[in-house]
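Spelled out, the chains give:
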Amino acid sequence: MMTPQQWHQGFIAANGREPTMEEYQSALRNGEFQKSTAPDHMQTPADTQQPIAPPQSASAIGQETRPSQFTAPQPAQPQQFPPSPSTPYMAAPQQNTAYQQPYQYPQQPLTPPGGPATQPTQKASFNVTAAINRLAGGEGAVDINLKDTFSNVFKKHSRKEAERIFIGGTTFTTPREGDIAATWPRPWLFSRILVFFIATYVLLYFLQSVNEIVPSYVGLIFIGALAVPFSTLIFFFECNAPRNISFWSVLQMLFIGGVLSLIATMFLDRFTAAVSVGWFLPLMTGIVEELAKLAALAVFVKILKPRYILNGLLIGGAIGAGFAVFETAGYGFDQLTNVKAIVQNSNCTPQMTLDEIIQTCGFPAMNSILILRGWMSIGGHVAWAAITGAALLIAMNGDKLQTRHFLDRRFLSLFWIPIVLHTAWDLGLIPQLRYNAVINSNLYRLILIVLAWTVLFVIINSGLQQISRLQTIPGNTAQPQQ
């Protein structure tokens, strides 16, 4: 007759996984091993028929794991199974050399697969996500599972599923706080929006290449500038678990908020023009533009009165997307119509007609800048403003927006991140670094994009944790304010 440990090891060897509680109890009832051979600390109280938990695999003994609903029973006093989660883990008897490490039961998942709001890692060393999580008000490192997050992108979805997403946030569709899903989001609609824009751009490009129709330039600039920022905005819209901001409000923030941030940038530029030179140019550009987006963001925070961190992520993302769309459209138009620059930097000559210069040289230059700024915008203004919006809501902590929140340590500890990322992005503006191969490389931009999205994923995790905490407060079932 086998011991519980022999049965446990044989199960793992045969199935490649830990046995479940039901499988262990079934084997015990079937007499596949002797209950009496289990160590004392694994036995249940005498004269009871309560189930006992299977032993932990040797590889897991002594490791730090997540709390589970199954904890080791105290040998000195009988208790009901499963024990209380507050019951401390106990060490095995010292005379048994097979159990010199603290004994632990197999851990159960905290939430369904793909749904945890946080997944702390077991590493005690410095972790980037842990440091960011502390700034966002959380604790521990965050396991960013991109495969699971984007798993729905490659699945088939119906028109009704898309419509259900777009109608969220209205007076009739906003869920009560107790009904909000606090599990990790699996957005997918943003990918369909991006494919839609790419297909539209390709068709317009073909039309312009074949017929040379002037209105096609306008369409290319508009779609090229809008594609990635708007698709990223839809990603944040899907991640807004409270579903309390309507798509109509998102469009208002995208266009009106984007223009307001540009107007604020224009005014702030006038006060900083004297110091925005040389090595200070990228730093002042980052400070001015992030403050300008913050000003527009504050306007809509006042109007919408949000209370969730994920709301701030969406509002900031909308403001940043609007800023990025209008800025990229301006760069595209400049590449198309700046005849002097086109002639100086291409094979076109002054003897050619204006239409020939635009079609032969301006059109390719415009297309290049739209594609370049398009894919890079995923980690630019949209991401930076989203971080700022979330930071402001973290500082507000459910209160109405007040001046003191802009000076709050929690806000300032995160607001410096978009400023630093923006400054690093614009280092090529410094004359001495204008032609630096590293600063102007796509790899350098990609690293900055990864850093920005690492911060965003940690903030999303903090937003889900906030919802979970609020749901545990008795009476928090009222309809969120629209």
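Small disclaimer: the values here were computed from a predicted structure and weren't measured. (Residues numbered from 1 in each chain as written. Predicted model: local features only at pLDDT ≥ 70, side-chain atom pairs only at ≥ 80, totals over all residues. Heavy atoms only, no water.)

(A) Representation of the overall build of the protein chain. Counting its secondary structure elements, the protein chain contains 15 helices and zero strands. With 482 residues in all, the protein chain has 48% of them scored as buried. Considering only contacts in the protein chain between residues 6 or more positions apart, those separated by 24 or more positions represent 74%. Accessible surface, the protein chain as shown: approximately 24600 Å² in total, 62% of it carbon and sulfur. (Helix = DSSP H or I, 4+ residues; strand = E, 2+ residues; numbered from the N terminus. Buried < 20%, exposed > 50% of the residue type's maximum accessible area, 1.4 Å probe, protein only. Contact = heavy atoms within 4.5 Å. Areas by Shrake-Rupley, 256 points an atom, 1.4 Å probe, with all protein chains shown as cover.)

(B) Examining helix α13 (residues 381-396) more closely. Spanning 16 residues, α13 covers 22 Å between terminal C-alpha atoms, matching the ideal 22 Å at 1.5 Å per step. Counting buried residues along α13, 16 of its 16 residues qualify, which places the element largely inside the surrounding structure. Directly after α13, the chain includes Asn397, whose backbone phi takes a positive value near 55°. (Expected span 1.5 Å × (residues − 1).)

(C) Quick peek at the confidence of the model for the protein chain. When pLDDT is averaged across the protein chain, the result is 80; 77% of the residues are at 70 or more. The secondary-structure element of the protein chain with the lowest mean pLDDT is helix α11 (residues 339-344), recorded at 69, while α13 shows the highest, at 97. Taken together, the stretch residues 36-53 has pLDDT below 50 and engages in 47 contacts with residues farther than four places along the chain or on a different chain. Overall, residues 56-126 carries pLDDT values under 50, and its contacts beyond four positions in sequence, including any with other chains, amount to 121 contacts. (pLDDT = per-residue confidence, 0-100.)

(D) The arrangement of the packing of helix α7 (residues 215-239) against helix α10 (residues 309-337) in detail. Contact geometry of α7 with α10 gives a least axis separation of 9 Å together with a crossing angle of 165°. By the angle between their directions, the pair α7 and α10 is classed as roughly antiparallel. Note that α7 runs across α10; the crossing there is right-handed. When grouped by side-chain class, the residues that make up the contact of α7 with α10 number 19 nonpolar, three polar and no charged. (Axes fitted to C-alpha atoms, helices over the stretch in contact; angles between N-to-C directions. Parallel < 35°, antiparallel > 145°, perpendicular 65-115°, else oblique. Left-handed = near helix turned anticlockwise from the far one by under 90°. Nonpolar A, V, L, I, M, F, W, Y, C, P; charged D, E, K, R; others polar.)

(E) Representation of the packing of aromatic side chains within the structure. Applying the stated criterion to the full structure yields 19 aromatic pairs. With a centroid separation of 5.8 Å and 80° between ring planes, the pair formed by Phe197 and Phe230 is classed as edge-to-face. With Phe197 in helix α6 (residues 189-211) and Phe230 in helix α7, this pair connects stretches of sequence that are 33 residues apart. Within the aromatic cluster, the residues linked to one another by ring pairs are Phe150, Trp184, Phe190, Phe235, Phe236, Trp453 and Phe457. The lysine or arginine in question, Arg270, covers the ring of Phe267, its NZ or CZ lying 5.6 Å from the ring centre. Of note, Lys293 hangs over the ring of Phe323, and the distance from its end group to the ring centre comes to 5.4 Å. (Phe/Tyr/Trp six-rings, centres within 6.5 Å; stacked < 30°, edge-to-face > 60°. Lys NZ or Arg CZ within 6 Å of the ring centre and 35° of its normal.)

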